[in-house]
Amino acid sequence: MYSELTGNADVAAVLRRMAAGGRMPHSMIFAGPDGAGKKHFAIEAARALVCRNPGNGESCGNCTACRRAGVFDLPESDKAEDFDNVFLSHHPDVGLIFSPKRQIRVGAIRALETEANFRPSEAGSRVFIIDEADKMNQEAANALLKTLEEPPPTTFLILVSARPDALLQTIRSRCQMIRFAPVSAADIRNLLVEKYGRSEEDAELAARMSGGSVSSAIGFDVENFREERAVCQDILKASVRPDGLHKMLETAERLADSKAKDRFENSLRILLSLIRDAVAIRAGADSTQISNFDIIDDLSAIAASLSATVLADRIWAIDDLLKSQDVNINRKVALDGLFVKMAFSV
Ligand SMILES: [Zn+2]
């Protein structure tokens, strides 16, 4: 049932209404940022279509059809050809196409074409979900177009994508676009407290740092984050002290360790979030309006000792450094450069 999902209540209302009125579009794109719950909603929409006792446009959540519809046995292979397939759930009328590889290949869409033309085995409809549909290569996208042009009357297709603009215009124009918003921090916090047993403060921090993505909030390691953040706080504090550069360069040595590119990037992002919060505090934000609300006293002190221009310069410099990560830069040299700049622009 949609009520068991987090966020996007207005999308749930639209899907319920369309299903209740028997007006569910045969081809839809569930579009929106990562972690907004698009795939969970797609499975729920499929359940509503195959459920034995649906009511008000949604599944009962309890019948044997509902219980089997969302369960998939997916291969743990990393061979591309193992994903040239439609993976049927334990309910044979709900299928999934996905690939952990860079592309969804035409083999998967051909398999879909075949499955889409079969009559439903148990239910009145068959539903196929294409996860990360923007990963279809040209050949796969062209093959899908044929299915979209003449959809079998009992078949429903749901394309899930965080980058709908990367889909062919001809595919987009044949599908009803359903837009998902990032999930609100309050919704994510409640989920983490109620379903995952997190403390209020940890849940709030994970919710605010995860940018509206339920999955990254669930996987957010608060303890590790606090440790990494303490290092970044020390950098900021050192940067306003006349003798702080030495300490900053020592820290740079550790952060730029060639084996830990992820850690390096993560530290830069944390540093960025701290400076953005300092900017917000300068502009009058209180603890309800910043990400790192639990260290607002520290951040207020930093905000008070740096001008808005200096803070803005630092944001630019860190942003530039994050972008240059795509190119193969020497991280130690780049970080030294950033810290020297920070130490001398106070
Ligand atoms: Zn049911």
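Predicted model, so just to flag it, every value in this text is computed and none were measured.

## Considering the side chain of E115
Alright, step 1. With respect to the element layout, E115 can be found in helix α4 (residues 106-116).
Alright, step 2. Here E115 falls in the buried class, since its relative accessible area comes to 17%.
Alright, step 3. Not counting chain neighbours up to four residues away, the residues in contact with E115 comprise V86, L88, R126 and F128.

## Let's talk about the packing of aromatic side chains
Alright, step 1. The final tally for this structure, using the stated rule, is seven aromatic pairs.
Alright, step 2. On the numbers, 6.0 Å between centres and 65° between planes, the contact of F87 with F98 is edge-to-face. Taken together, the residues span a long stretch of sequence, with F87 in strand β2 (residues 87-88) and F98 in the loop between β3 (94-97) and α4 at a distance of 11 residues.
Alright, step 3. Residue F87 is classed as buried on the basis of its relative accessible area, which comes to 9%.
Alright, step 4. A relative accessible area of 16% places F98 in the buried class.
Alright, step 5. Ring centres of F220 and F225 lie 5.2 Å apart, and the angle between their planes is 50°; on these two criteria the pair is classed as tilted. For the pair F220 and F225, a shared accessibility class is recorded, and that class is buried.

## Digging into the coordination of the zinc ion
Alright, step 1. Coordination of the zinc ion by the protein involves C51 (SG), C60 (SG), C63 (SG) and C66 (SG), with metal-donor separations of 2.2 to 2.4 Å.
Alright, step 2. Coordination geometry of the zinc ion: the four donor atoms subtend angles of 104 to 117° at the metal centre, consistent with an arrangement described as tetrahedral.
Alright, step 3. Along the chain, the residues donating to the zinc ion are arranged with the sequence spacing C-x8-C-x2-C-x2-C. The residues C63 and C66 share a single accessibility class, namely buried.

## Things to note about the pattern of salt bridges
Alright, step 1. In this structure the tally under the stated criterion is 24 salt bridges.
Alright, step 2. In this structure, E265 and R269 form a salt bridge, with 3.6 Å as the shortest nitrogen-oxygen distance. Placement of both E265 and R269 in helix α12 (residues 261-282) is noted, with a separation of four residues, approximately one turn of the helix.
Alright, step 3. Owing to a relative accessible area of 18%, E265 belongs among the buried residues under this scheme.
Alright, step 4. Residue classification places R269 among the partly exposed residues on the basis of a relative accessible area of 47%.
Alright, step 5. Where salt bridges share partners, they join E201, D202, R226, R229 and D294 into one cluster.

## Focus: unusual backbone geometry
Note: most peptide bonds trans; most residues except glycine with negative phi.
Alright, step 1. The residue N8 is not glycine, and still its phi comes out positive at about 50°.
Alright, step 2. Not every positive phi belongs to a glycine, and E132 is a case in point at roughly 50°.
Alright, step 3. As for its placement among the helices and strands, E132 is situated in the loop between β4 (126-130) and α5 (138-149).

## Here's the deal with the packing of helix α10 (residues 222-239) against helix α15 (residues 331-344)
Alright, step 1. Axis separation between α10 and α15 bottoms out at 8 Å; the angle between their running directions is 45°. When the axis of α10 is compared with that of α15, the two are oblique. In this structure, α10 contributes I235, L236 and S239 to the contact, and α15 contributes F339, M342 and A343.
Alright, step 2. Looking at the contact of α10 with α15 residue by residue, the classes come out as five nonpolar, one polar and no charged.

## Section: the sheet that holds β2
Alright, step 1. Spatial ordering of the open sheet is given by β2-β3-β4-β5-β1-β6, a layout of six strands whose pairing is mixed. Sheet topology places β2 and β6 (176-179) at the edges, where each strand pairs with a single neighbour.
Alright, step 2. Of the pairings in the sheet, the one linking β4 to strand β5 (residues 155-161) comprises five bridges and is parallel in character. Paired with V127 across the two strands is F156, which belongs to β5.
Alright, step 3. Across the face of the sheet, α4 comes into contact with β2, β3, β4 and β5 while running at roughly 170° to β4.

## Here's the deal with the nonpolar core
Alright, step 1. L268, I318, L335, L338 and F339 are the most contacted members of the largest nonpolar core, which totals 51 residues.
Alright, step 2. At nine residues, the largest contribution of residues to this core is made by α12.
Alright, step 3. Listed in part, the 30 residues of the second largest apolar core include I43, F83, L96 and I178.

## Focus on helix α13 (residues 296-305)
Alright, step 1. Buried within α13 we find L299, I302 and A303. The buried residues of α13 occupy one face: seen down the axis, they fall within an arc of 100°. For α13, the exposed residues lying more than 90 degrees away from the buried face are D297 and A304.
Alright, step 2. Next to the buried residues of α13 lie α10 and α12.

## Some thoughts on the domain arrangement of the chain
Alright, step 1. Under the domain assignment used here, the chain contains domain 1 (2-181) and domain 2 (221-344).
Alright, step 2. Taken over C-alpha atoms, the centre of domain 1 sits 42 Å from the centre of domain 2.

Definitions and cut-offs
- Residues numbered from 1 in each chain as written.
- Predicted model: local features only at pLDDT ≥ 70, side-chain atom pairs only at ≥ 80, totals over all residues.
- Heavy atoms only, no water.
- Helix = DSSP H or I, 4+ residues; strand = E, 2+ residues; numbered from the N terminus.
- Buried < 20%, exposed > 50% of the residue type's maximum accessible area, 1.4 Å probe, protein only.
- Contact = heavy atoms within 4.5 Å.
- Phe/Tyr/Trp six-rings, centres within 6.5 Å; stacked < 30°, edge-to-face > 60°.
- Donors = N, O, S within 2.8 Å, 3.2 Å for Na, K, Ca; no water.
- Tetrahedral: all angles 85-135°; square planar, octahedral: opposite > 155°, others 65-115°.
- Salt bridge = Lys/Arg side-chain N within 4 Å of Asp/Glu carboxyl O.
- Axes fitted to C-alpha atoms, helices over the stretch in contact; angles between N-to-C directions.
- Parallel < 35°, antiparallel > 145°, perpendicular 65-115°, else oblique.
- Nonpolar A, V, L, I, M, F, W, Y, C, P; charged D, E, K, R; others polar.
- Pairing = 2+ DSSP bridges.
- Core = buried A, V, L, I, M, F, W, Y, C linked by side-chain atoms within 4.5 Å.
- Arc of directions from axis to C-beta.
- Domains from an automatic or database assignment.

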